[in-house]
Amino acid sequence: MAILQIKNLHVTVETEQGTKEILKGVDLTIRSGEVHAVMGPNGSGKSTLAYSIAGHPKYTVTQGEITLDGENVLEMSVDERARAGLFLAMQYPVEVPGVSMSNFLRTAKTAIDGQAPAIRNWIKDLRESMEALKMDSSFTERNVNEGFSGGEKKRHEILQLEMLKPKFAILDETDSGLDVDALKIVSEGVNRAHETQNNGVLLITHYTRILRYIQPDFVHVFVAGQIAEQGGRELADRLEAEGYDRYVKA
Amino acid sequence: MTASTQAAQHGLSEHSHGYGVPVQTRSERFSSTKLADFAAVSKREETWRYFDLDKLAGLDQAGLAEFSGDIGLTETNGITTSWVGSENPAFGAAGAPEDQPSAAAWQSASQAYLVDFAPETSFETLANLAVVGTSSEAEALHLIVRAGAGSKAGLIVNHTGTGNLGENVEIVVEDNANLTLISVQNWSKGSTHLASHFIKLGRNASVKHIVVTLGGDVVRVNPSAVFAGEGGSVDLYGLYFADAGQYQEHRLFVDHAMANCRSRVTYKGALQGEKAHTVWVGDVLIRAAAEGTDTYELNRNLLLTDGARADSVPNLEIETGQIEGAGHASASGRFDDDQLFYLQARGISEYEARQLVVRGFLNEVIQQIDDEALVAELTAAVEAKLERSGS
Ligand SMILES: Nc1ncnc2c1ncn2[C@@H]1O[C@H](COP(=O)(O)OP(=O)(O)O)[C@@H](O)[C@H]1O
Ligand SMILES: [Mg+2]
């Protein structure tokens, strides 16, 4: 049983107009086996929360703490956080020219496990996951995300989630830009990883659509850098009916 | 036509050009084996536009000493080598100097070291010619590599040690011959090397020419390829990696004077550190007679840190409409922090992430080197550079 705790998190970014506080005291606790949905309007700070957990250098934590099983995450470098068991599926996955997907995945797996994966199982697992995500095997020879469509990039993120087996998966708008078929495929991948690995999931989304495929245990409404309300599934249904207006005006 | 980048933008920015007008029409460039026929070196000349003239190290002056270091094949393997004088017909068979240091070296070297691959013979492995500099005096060296008609041959010229060298390399590839020539410049700190390569291809000859520039304070290699018969094919590859304070220049010229020839130019450079400076100029001339020409040239530069500068100038000059294809691409971009974050977010350390990206970038050229030992040596040299940068 692992536990990711975020307490009173305040985060700023540097803008042309000076320092701007984006997260204004976020509290969130996620345990293994739980699925948390964070829902909020554009610009409310959802990606900032995701990036801050992953350690993106652009974001400065000015107050509060993040711990993973009691260890101080904020003192870890980006790669240390990943090796400790945190995974961020990015809203905009990055292209890496000249680096093949197979090389990238093997290098990442080796870094995270501290040893190279047994080759035969690795190839078999990779092939199975790619088939399930409906990714052609030729992708492994292509450069990381280079020339991938939006949907292919998102499937590649979920492939990494399945192969790297983190304790906690933070999915930043993995659903945005996907058509219904792709959304189903990606959601099934998330569910598969969740069931087989018993990971904790932080599902960040703007729309309720993905929650038809991925069942959250907890829903947090995120507005202006804070959690405005929390509850169970029913909160998502209410958001679907009423939108965010009620929170934004308040 | 100039694409100069000083670590400004994120990622690789593409510059696509229409056919541009070169600064000086390449077809009219002057050549002579005598230094006295040239005016003194000047910044007004296109060829010296980027070069710091204080760094010529005397190599543009007459009376250079003859190369005093060691030169020789590590294994002879049936290849004939000899020193030949300027009366030998091989001397000057491939071309003549187009700049002052080349002319100075030409007239200062009383003999040339000839590596001769016999006609109609197939040499299975790449031969290794070690050129080891041992002096910091201004010196001249003249090499001639001849691939006899119908031969299949390969040679690595590996420049190491301390040198202050003006060098001419004549590369004669006779009819139907196939030659791979790899020139490695991996000098010690404090070295200067100004080289001109003259490649002459006979009918249906093919050449793979690879320049690898890693070590040395100032290294300039100017390869030119001329087709003397129809049906020739030339691939010019280059890989360079400049550290803080290093200057590396590569000026290429492909002269399509014959019909139905093919050329490809692929140069890739990495740069890191204060005042690392690279210059790539690619001139391709398609003369009126060169119908059916097929040519493409590409240069890409990866700036790993601030303070480095890459200049990249492709020039395409076309005098006939009847061509197969002609194009060029040039792009310089800085190492992308987002790439670094992405790789690190997958558990990969910063150092390994940089290695991965740089190796991936240079791989297009490295994979052309069909010699395991050399690939291992170059990979280690690239990694040592990355390590030294302290990332
Ligand atoms: N690097 C940055 N510079 C300036 N403003 C930023 C930066 N990153 C985020 N912001 C601002 O912070 C707010 C939250 O952004 P973000 O976390 O991306 O929101 P969301 O993911 O919920 O759409 C927005 O107003 C955005 O413009
Ligand atoms: Mg976002």
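1. A closer look at the sheet that holds strand β4 (residues 60-68) of chain A
Residue and element names in this part refer to chain A.
Next, step 1: The antiparallel open sheet is built from four strands, whose spatial order is β2-β1-β4-β5. With one partner strand each, in any of the chains shown, β2 (18-31) and β5 (71-72) form the two edges of the open sheet.
Next, step 2: Looking at chain direction, strand β1 (residues 3-15) and β4 are connected through seven bridges and run antiparallel. Looking at the pairing, L4 lines up with L68 of β4.
Next, step 3: Helix-sheet contacts for helix α1 (residues 46-54) involve β1, β2 and β4, and the interaxial angle to β1 is about 110°.

2. Description of the site of ligand 1
Residues and elements named next belong to chain A.
Next, step 1: Not every one of the 15 residues close to ligand 1 is listed here, only the nearest: I22, G43, K46, S47 and T48.
Next, step 2: Taking G43, its main chain carries an N or O atom lying 2.8 Å from an oxygen atom of ligand 1.
Next, step 3: Measuring from an oxygen atom of ligand 1, one finds a side-chain N or O atom of T48 at 2.5 Å.
Next, step 4: In isolation ligand 1 has 560 Å² of accessible area, and contact with the protein removes 70% of it.
Next, step 5: Elements represented by at least two residues in the shell around ligand 1 include exactly β1, β2 and α1.

3. Looking at the coordination of the magnesium ion (ligand 2)
Reference geometry at the metal: tetrahedral coordination by four donors gives ideal angles of 109.5 degrees; octahedral coordination by six donors gives 90 or 180 degrees.
Next, step 1: Surrounding the magnesium ion (ligand 2) are the protein donor atoms S47 of chain A (OG) and Q91 of chain A (OE1), which sit 2.1 to 2.4 Å from the metal. Pair noted here: S47 of chain A is in helix α1 and Q91 of chain A is in the loop between β6 (86-89) and β7 (96-100), with a separation of 44 residues, a long-range link.

4. Describing the pairing of strand β3 (residues 35-39) of chain A
Residue and element names in this part refer to chain A.
Next, step 1: In terms of residue burial, β3 counts as a mostly covered element, since five of its five residues are buried.
Next, step 2: Of the two faces of β3, the one lined by V35, A37 and M39 and the one lined by H36 and V38 are each fully buried.
Next, step 3: Here β3 runs beside strand β10 (residues 200-205); their pairing, made up of five bridges, is parallel. By the bridge assignment for β10, A37 is matched with L203.
Next, step 4: Bridge count for β3 against strand β11 (residues 218-223) is four bridges, and the pairing is parallel. In the strand pairing of β11, H36 is matched with F218.

5. Overview of the sheet that holds strand β9 (residues 168-172) of chain A
Residue and element names in this part refer to chain A.
Next, step 1: With respect to topology, six strands assemble into an open sheet ordered β6-β9-β10-β3-β11-β12, the strand pairing being mixed. For this open sheet the edge positions go to β6 and β12 (226-231), each flanked by a neighbour on one side alone. When strand polarity is set aside, the average angle formed by the axes of neighbouring strands in this sheet is 20°.
Next, step 2: Here β6 runs beside β9; their pairing, made up of four bridges, is parallel. Of the residues in β9, the one forming a bridge with L86 is F168.
Next, step 3: Contacts between helix α5 (residues 150-164) and the sheet are confined to β6 and β9, with β6 contributing the most and set at about 165° to the helix.

6. A look at α5 of chain A
Next, step 1: Across its 15 residues, α5 of chain A extends 21 Å between first and last C-alpha, which sits within 8% of the 21 Å expected from 1.5 Å per residue.
Next, step 2: Directly after α5 of chain A, the chain includes K165 of chain A, whose backbone phi takes a positive value near 50°.

7. Some words on the packing of helix α3 (residues 350-366) of chain B against helix α4 (residues 372-388) of chain B
Residue and element names in this part refer to chain B.
Next, step 1: Relative orientation of the contacting elements α3 and α4 amounts to 140°, with a least axis distance of 11 Å. Between α3 and α4, the angle is such that the two are oblique. Crossing geometry of α3 relative to α4 is assigned as right-handed. The segment α3 lies against α4, with Y351, Q355, V358, R359, L362 and I366 engaging V375, T379, V382, E383, L386 and E387.
Next, step 2: Partitioning the contact of α3 with α4 into residue classes produces seven nonpolar, two polar and three charged.

8. Some remarks on the pattern of salt bridges
Residues and elements named next belong to chain A.
Next, step 1: Evaluation of the coordinates by the stated rule reveals 31 salt bridges over all chains.
Next, step 2: Note that D237 is salt-bridged to R233, the shortest N-O span being 3.9 Å. A residue pair is termed a helical-turn pair when its members lie 3 or 4 positions apart in one helix, as D237 and R233 do in helix α7 (residues 233-242) at four residues.
Next, step 3: Here D237 falls in the partly exposed class, since its relative accessible area comes to 43%.

9. Let's talk about unusual backbone geometry
Residues and elements named next belong to chain B.
Next, step 1: One non-glycine residue, N204, adopts positive backbone phi at about 55°.
Next, step 2: Assignment of secondary structure puts N204 in the loop between β12 (192-201) and β13 (206-215).
Next, step 3: In this structure N204 comes out as partly exposed when scored by relative accessible area, which is 42%.

10. Some words on the domain arrangement of chain B
By a widely used convention, the size of an interface equals the accessible area lost when the partners come together.
Next, step 1: If you check the domain split of chain B, you get domain 1 (1-30) and domain 2 (43-335).
Next, step 2: Distance from the C-alpha centre of domain 1 of chain B to the C-alpha centre of domain 2 of chain B: 20 Å.

11. Structural notes on the interface of chain B and chain A
Next, step 1: Taken together, the 16 residues of chain B in the interface contact 32 residues of chain A.
Next, step 2: Interface of chain B and chain A: buried area, both sides summed, is about 1,800 Å²; carbon and sulfur atoms make up 69% of it.
Next, step 3: On the chain B side of the contact with chain A, F341, Y342 and R346 of chain B bury the most area, a combined 43% of that side's loss.
Next, step 4: Counting every contact that joins chain B to chain A gives one salt bridge.
Next, step 5: Here E157 of chain A ties to R346 of chain B by a salt bridge, and the two come within 2.7 Å at their closest N and O atoms.
Next, step 6: Among the elements of the structure, α2 (337-344) and α3 of chain B are those that each provide at least two residues to the side of chain B that touches chain A.
Next, step 7: Considering each element in turn, the side of chain B that touches chain A owes the most residues, six residues, to α2 of chain B.

12. Considerations on helix α6 (residues 180-197) of chain A
Residues and elements named next belong to chain A.
Next, step 1: Compared with the 26 Å implied by 1.5 Å per residue over 18 residues, the 25 Å span of α6 between its first and last C-alpha is a close match.
Next, step 2: Taken residue by residue, α6 has A182, L183, I185, V186, S187, G189, V190, A193 and H194 as its buried positions.
Next, step 3: The inward-facing, buried residues of α6 contact β3, α4 (119-132), α5, β9 and β10.
Next, step 4: Count one or two residues on from α6 and you reach N198, which has phi positive near 50°.

13. What about the packing of aromatic side chains?
Centre-to-centre distance and the angle between the planes together describe a pair of aromatic rings.
All names here are of chain B.
Next, step 1: Under the definition given, this model contains eleven aromatic pairs over all chains.
Next, step 2: When the centroid spacing of 5.1 Å and the interplanar angle of 85° are considered together, the rings of W48 and F51 count as edge-to-face.
Next, step 3: Overall, the relative accessible area of 1% leaves F51 in the buried class.
Next, step 4: Judged by centre distance (5.8 Å) and plane angle (80°), the rings of F91 and W106 are edge-to-face. Of the two residues, F91 sits in the loop between β5 (80-85) and α1 (100-108) while W106 sits in helix α1, which places them 15 residues apart along the sequence. W106 shares its class with F91; the two are buried.

Conventions we followed
- Residues numbered from 1 in each chain as written.
- Chains lettered and ligands numbered in written order.
- Predicted model: local features only at pLDDT ≥ 70, side-chain atom pairs only at ≥ 80, totals over all residues.
- Heavy atoms only, no water.
- Pairing = 2+ DSSP bridges.
- Helix = DSSP H or I, 4+ residues; strand = E, 2+ residues; numbered from the N terminus.
- Contact = heavy atoms within 4.5 Å.
- Axes fitted to C-alpha atoms, helices over the stretch in contact; angles between N-to-C directions.
- Near = heavy atom within 4 Å.
- Polar contact = N/O pair within 3.5 Å; in protein donor to acceptor, adjacent residues only side chain to side chain.
- Areas by Shrake-Rupley, 256 points an atom, 1.4 Å probe, with all protein chains shown as cover.
- Donors = N, O, S within 2.8 Å, 3.2 Å for Na, K, Ca; no water.
- Buried < 20%, exposed > 50% of the residue type's maximum accessible area, 1.4 Å probe, protein only.
- Expected span 1.5 Å × (residues − 1).
- Parallel < 35°, antiparallel > 145°, perpendicular 65-115°, else oblique.
- Left-handed = near helix turned anticlockwise from the far one by under 90°.
- Nonpolar A, V, L, I, M, F, W, Y, C, P; charged D, E, K, R; others polar.
- Salt bridge = Lys/Arg side-chain N within 4 Å of Asp/Glu carboxyl O.
- Domains from an automatic or database assignment.
- Buried area = accessible area lost by both parts, 1.4 Å probe.
- Phe/Tyr/Trp six-rings, centres within 6.5 Å; stacked < 30°, edge-to-face > 60°.

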